[in-house]
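Okay, here's what each chain looks like letter by letter:
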Amino acid sequence: MKPTPCKRPESKEWGKAKNVNVTVVMINQNETVAKVSAAIEAGNMPDAFDLGRDFMLQLAKNARIEPVDDLYKTIGDAHGGWLDSTNKGSNPKDFGGKLYGIPFGQSGNLLNRRDDVLSKAGYKDAPKTWAELLEQAKKANAPPKLFSMGFALSNVGDANVQNEVLRGYGGRIADDAGKKCTIDSPETREYMKWVTDAFAAGLFPPGATTWDGAGDNNAYQSGQAVFIANPGSVYLNILKADPELAKGSKYSALPGGPKLRTAPTGLNFRAISASSKVKDLAKDLLAFMSDDKYLSDYYGKAIYGPVLKNGMNAPIFKESVLHAGLLDLALNGTPANFPDTDNLALAEYNTNFLTPKMVQKVVVDKKSVEDAIKETQAACQAIYDKYK
Amino acid sequence: MAQSTSSRSLAGLKAPRFSLGKTDAALGMGLVAPVLICLMTLVVYPFIFAVYISFTDRTVGAQVVNFVGFDNFRYIFGTQGFQESVRNTLVMVFVLQSMKLVLGLGIASVLNQAIRGRTVFRGLTLLPWAMPAFVAYLLWKYMFDPTQAGAFNMILIDVFGTQLDFLSSRELAMPSVIIASFWRGFPFWVISFLAAMQNISPELYEAAAIDGASAWKRFRHITLPSIQHVILVVTLLSTIWTTNSFENVWLMTGGGPSNATMTFPVLAYYGLQTLRLGEASAVSVSMLPIFAILAFVVVNLLLKED
Amino acid sequence: MATRLSLIQKIIAYGSLAALALFILFPVYFMAITSLKTVRDIYRLPSLLPVNPTLINYEQLIGTWKFLDAIRNSLIVASATTLVSVFISALAAYSLVRLRYKFRNWAGRLIMFSYLTPSSLLFIPLAVIVAQLGISNTHQGLIFVYLTFSAPLSTWLLMGYFRGIPVDYDEQAMVDGCTRLGAFFRVVLPLSVPGLIACSVFTFTGAWNELLLSLIFITDPALRTVPVAVSYLITGDTVRMGLIMAASIVSALPIMILYFIAQRFVVQGLGAGGVKA
């Protein structure tokens, strides 16, 4: 997870130029849903705001945000065109025929690893598959001070990285139509074997089943984890707070499975409220905020990959290892939740953390893998049935 | 203020009557009105609204809202999270309240003795309660940290060379949440009991001591009966607070691991994250019957005339 | 107060009090030493003793995070809530205890039931009401919303206190020429000062500590109250443990001082509310 500023202070410059009074408010990502829900119900939404793709799906369905298809085209044309990955993630079809937000940044997880530790164990290169990662992890594990797999298995967004392992082994949450859950499959059993083996071998740090969003970061920053999946906040933190750890760390794309390698990139959008009385001004603001110079400064301070072709020229993508990784992700990544159909039912599956909960059923509740899969399949289908 | 003037002349003429005066009625309603108006706006109306939407398919920002009868309840009752949260909420409330009752009475009895430093200890007891709840629970979460950064595991690793998963194992998660909640919640009980005990006439104890009654007998036959009303009120009131408590579970475990600490308010909060207001309300509404019973008892107790 | 204690009883009493003190103080001690550590030392050099103690967290808290603004906001909100709530509750409590009228029982019940309604159920409808009144994202709005929990509790506590004051006092005042309201303001209220203090302390604490509603209704960073400011120290995935502990100490301090000064009244107030009810 990462902090998503709701609007950036720089928009004040635009306000000065246009002689408009812009009020900028940052809200914690953790509270976005509660806050925006209250604001929507109360009818006092901000004119423009940032949001993730899932939330945009929901708001688009209820027509609470304004279609911006024309603006999307104008901005693209003016800045060298949108990246392919941006176009894929902004397909109006996914939102019921129209596009409701202007993308401004891509984020995704990179695999952070303790190169200092792994080199000593004889591994110079980043693991390319989850099986390789498991092998390296077993060698490097040195409890109680050092645990290899700093991946969350708890009820937090970070734990949904497990979906990528599941997909790597060929598993799928639901069918292509996005109607029927397909958790109960041989591929899921293979994934479950991977994760439960790792757990049984004591590779996960204690607490991984109840970590909050900061759990994996804390484990890594305290030098107690070898691998974590992180969008970049850890890198920025240790650069300042623990240069020694930063030196021993390396970053690579997430590994893949025998069937598939995904590198999910999540698009972040800026949207305009349907209730706004100054929609044209708001559109103008979004256009201003997509300007090359503006975005270049912005990327220098944020942890995002670019969305526009011109955006790739921002100096930060050459200066920082992390940002180079994010650029790579923007160019070569896969859409969020690929190859599953990214719909509202899947969003609810994810907010209910059913994949990590399936793992918890085995490692915490000591249920059999079979029971865990069957129960999860049923819970998943109950969610999908609500969206029929 | 015409009413008050007439009541003065009345008072001047003969012994005042305190019931059923017309002026009293008007004044009474006038005085209670500000609080009532606030609560009608801030509680009663939202409450009715919330109950209503629990029977609809309302999502955040929905333009069209359909009445769906008991569909939301049917879906929720069928989820594992709900079934576990019923059990967890009951277990947490029962264990926590029993601990607070027994230890609260014990601590209050000790503090009620003629011992040195009573005032200091009384102030000390209030300390956890004076601390903002979310601060207290963040602190406890940090103390329960499964690695050596946590206070308890720091000691365990140093002394026994082992660590415990206080918040992330099924066996320990609920007890750990209960201990932290006890720390934050017990002062209210101790102070209430202490206040009540100080109202008991010392002569009762002196007489009993002359009769040779043991400390336990004095507690059993003098202290307990004298404060039983307070015990009842405190227990019921605190039970409602505890059943409603959100921060303890949310901050420490988020309801995990695997629903081991999932309680009603946390489940309702998760419901909200999916923006399905109808469902989220249905979670809260489905615990209302229990509340209604508790609340009914408390209200009748509190409003009973002496 | 009971009889003198035997030696064994004394040993048990002091032993259990020592255990109690340890149970209460250990977390507070841990909080204090953590607030004096840097992030790196917290994780890399775990220790129950201070390690390289530094005031950097406090400096950052007050400098970078402008925490004193949050303290000021909370002082404003909590004080105003206390004044408004205790005043209207005192009127209501007097009315419910001393006056007889048709809807009295009904009103009393409604006030009590309000106190027992879970706030998680209420906050979305509350947001709508606050927006319609045009006071969202203001301290006034927050103060108004805080009446949901403060007014019923204050009313209940004060009802207990007023019942403890013999009706003869009112009667005598009225015989001496006071109006009903005059008797209340000049006789009953002055006699209830300890109860009013206890009630104010509770209301103030409740408003000072409230997180959920404040998080939702206050958007402007300049208006944030203390609990919200602390929760913003946890941005997404970085928990600044040292900072948070420093903030916790700074935010708990005013309340602890308040309790220390007012503890006698707090005990009395609670006693009255419970015993006389």
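This is a predicted model, so every value here is computed, not measured.

**With respect to the overall build of chain C**
Line of reasoning, step 1. Helix and strand counts for chain C come out as 13 helices and two strands.
Line of reasoning, step 2. For chain C, the C-alpha atoms occupy an extent of roughly 75 × 65 × 30 Å along the three principal directions.
Line of reasoning, step 3. Considering chain C as a whole, with its 277 residues, one finds that 56% of them fall into the buried category.
Line of reasoning, step 4. Taking the contacts inside chain C whose residues are at least 6 apart along the sequence as the reference set, 74% of them involve residues at least 24 apart.

**Thoughts on the interface of chain B and chain A**
Line of reasoning, step 1. Taken together, the contact between chain B and chain A spans 30 residues of the former and 32 residues of the latter.
Line of reasoning, step 2. Sorting the residues of the side of chain B that touches chain A by element identifies α3 (71-78), α8 (170-197) and α12 (264-273) of chain B as the ones contributing at least two each.
Line of reasoning, step 3. For the side of chain B that touches chain A, the per-class residue count stands at twelve nonpolar, 16 polar and two charged.

**Let's talk about the sheet that holds strand β6 (residues 249-252) of chain A**
Residue and element names in this part refer to chain A.
Line of reasoning, step 1. Read from one edge to the other, the open sheet built from four strands follows the order β4-β5-β3-β6, with strand pairing classed as mixed. Edge strands, defined here as strands with exactly one partner in the open sheet, are β4 (147-149) and β6. Each strand of the sheet is rotated relative to its neighbour by a mean of 25°, with strand direction disregarded.
Line of reasoning, step 2. Pairing geometry for strand β3 (residues 110-114) and β6, over four bridges, is antiparallel. When the sheet's bridge partners are listed, Arg-113 is paired in β6 with Lys-250.
Line of reasoning, step 3. Those strands touched by helix α11 (residues 233-241) are β3, β5 (225-230) and β6, and its axis lies near 125° from that of β5.

**Looking at unusual backbone geometry**
Line of reasoning, step 1. The omega torsion across Phe-338 of chain A and Pro-339 of chain A is 0°, close enough to zero to call that bond cis.
Line of reasoning, step 2. Of note, the bond from Gly-256 of chain B into Pro-257 of chain B is cis; its omega dihedral lies within 30 degrees of zero at -10°.
Line of reasoning, step 3. Tracing the backbone through its elements, the reader meets Pro-257 of chain B in the loop between α11 (247-252) and α12.
Line of reasoning, step 4. Residue Lys-366 of chain A is not a glycine yet carries a positive backbone phi of 60°.
Line of reasoning, step 5. Relative to the elements of secondary structure, Lys-366 of chain A occurs in the loop between α18 (354-363) and α19 (369-386).
Line of reasoning, step 6. Residue classification places Lys-366 of chain A among the exposed residues on the basis of 8 C-beta atoms within 10 Å.
Line of reasoning, step 7. Of note in this structure, Ser-258 of chain B is not a glycine but carries a positive phi near 45°.
Line of reasoning, step 8. Within the secondary structure, Ser-258 of chain B is located in the loop between α11 and α12.

**Considering the environment of Asp-212 of chain A**
Line of reasoning, step 1. Looking at the element boundaries, Asp-212 of chain A is found in the loop between α9 (186-200) and α10 (215-221).
Line of reasoning, step 2. The exposure class of Asp-212 of chain A is buried, given the 25 C-beta atoms found within 10 Å.
Line of reasoning, step 3. Separated by 60 residues in sequence, Asp-212 of chain A and Ala-152 of chain A have C-alpha atoms that sit 8.4 Å apart.
Line of reasoning, step 4. Setting aside residues up to four positions removed in sequence, Asp-212 of chain A forms contacts with Val-156 of chain A together with Gly-254 of chain B.

**Here we look at the packing of helix α4 (residues 80-111) of chain B against helix α10 (residues 215-244) of chain B**
Residue and element names in this part refer to chain B.
Line of reasoning, step 1. Taken N-terminus to C-terminus, the directions of α4 and α10 make an angle of 145°; their axes are 10 Å apart at the nearest point. Where α4 crosses over α10, the two elements pack in a sense that is right-handed. For the pair α4 and α10, contact is made by Thr-89, Val-93, Leu-96, Gln-97, Lys-100, Leu-101 and Ser-109 and by Phe-219, Thr-223, Thr-235, Ser-238, Thr-239, Thr-242 and Thr-243, respectively.
Line of reasoning, step 2. Across the contact of α4 with α10, the residue classes break down as four nonpolar, nine polar and one charged.

**Description of the interface of chain C and chain B**
Line of reasoning, step 1. Taken together, the contact pairs 91 residues of chain C with 92 residues of chain B.
Line of reasoning, step 2. Looking at which element gives the most residues to the side of chain C that touches chain B, the answer is helix α13 (residues 241-275) of chain C, with 17 residues.
Line of reasoning, step 3. Here the side of chain C that touches chain B is composed, by residue class, of 60 nonpolar, 22 polar and nine charged.

**Some points on helix α5 (residues 118-130) of chain B**
Line of reasoning, step 1. Here α5 of chain B contains 13 residues, and its C-alpha end-to-end distance of 18 Å stays within 8% of the 18 Å for a straight helix at 1.5 Å per residue.
Line of reasoning, step 2. Listed in full, the buried residues belonging to α5 of chain B are Thr-125, Leu-126, Leu-127, Pro-128, Trp-129 and Ala-130 of chain B.

**Considerations on the pairing of β3 of chain A**
All names here are of chain A.
Line of reasoning, step 1. β3 sits mainly inside the fold: five of its five residues count as buried.
Line of reasoning, step 2. Along β3, one buried face is formed by Leu-110, Asn-112 and Arg-114 and the opposite face, lined by Leu-111 and Arg-113, is buried too.
Line of reasoning, step 3. Where β3 lies against β5, four bridges are found, and the strand directions are antiparallel. Counterpart to Leu-111 in the pairing with β5 is Ala-229.

**Describing the confidence of the model for chain C**
All names here are of chain C.
Line of reasoning, step 1. This prediction gives chain C a mean pLDDT of 84; 92% of its residues lie at or above 70.
Line of reasoning, step 2. At the low end of the mean pLDDT range in chain C sits strand β2 (residues 238-239), at 64; at the high end sits helix α4 (residues 67-98), at 94.
Line of reasoning, step 3. Confidence metrics for the complex model read pTM 0.85 and ipTM 0.82.

**Concerning the environment of Phe-265 of chain C**
Residue and element names in this part refer to chain C.
Line of reasoning, step 1. Structurally, the position occupied by Phe-265 is in helix α13.
Line of reasoning, step 2. Taking the number of C-beta atoms within 10 Å as the measure of exposure, Phe-265 has 18 and is therefore partly exposed.
Line of reasoning, step 3. Counting along the chain gives 105 residues from Phe-265 to Gly-160, while the straight-line C-alpha distance between them is 14 Å.
Line of reasoning, step 4. Each residue touching Phe-265, except ones within four places of it in the same chain, is listed here: Pro-194, Ile-197 and Ala-198.

Reading the values: rules and limits
- Residues numbered from 1 in each chain as written.
- Chains lettered and ligands numbered in written order.
- Predicted model: local features only at pLDDT ≥ 70, side-chain atom pairs only at ≥ 80, totals over all residues.
- Helix = DSSP H or I, 4+ residues; strand = E, 2+ residues; numbered from the N terminus.
- Buried ≥ 20, exposed ≤ 12 C-beta atoms within 10 Å, placed from the backbone.
- Contact = placed C-beta atoms within 7 Å.
- Nonpolar A, V, L, I, M, F, W, Y, C, P; charged D, E, K, R; others polar.
- Pairing = 2+ DSSP bridges.
- Axes fitted to C-alpha atoms, helices over the stretch in contact; angles between N-to-C directions.
- Left-handed = near helix turned anticlockwise from the far one by under 90°.
- Expected span 1.5 Å × (residues − 1).
- pLDDT = per-residue confidence, 0-100.

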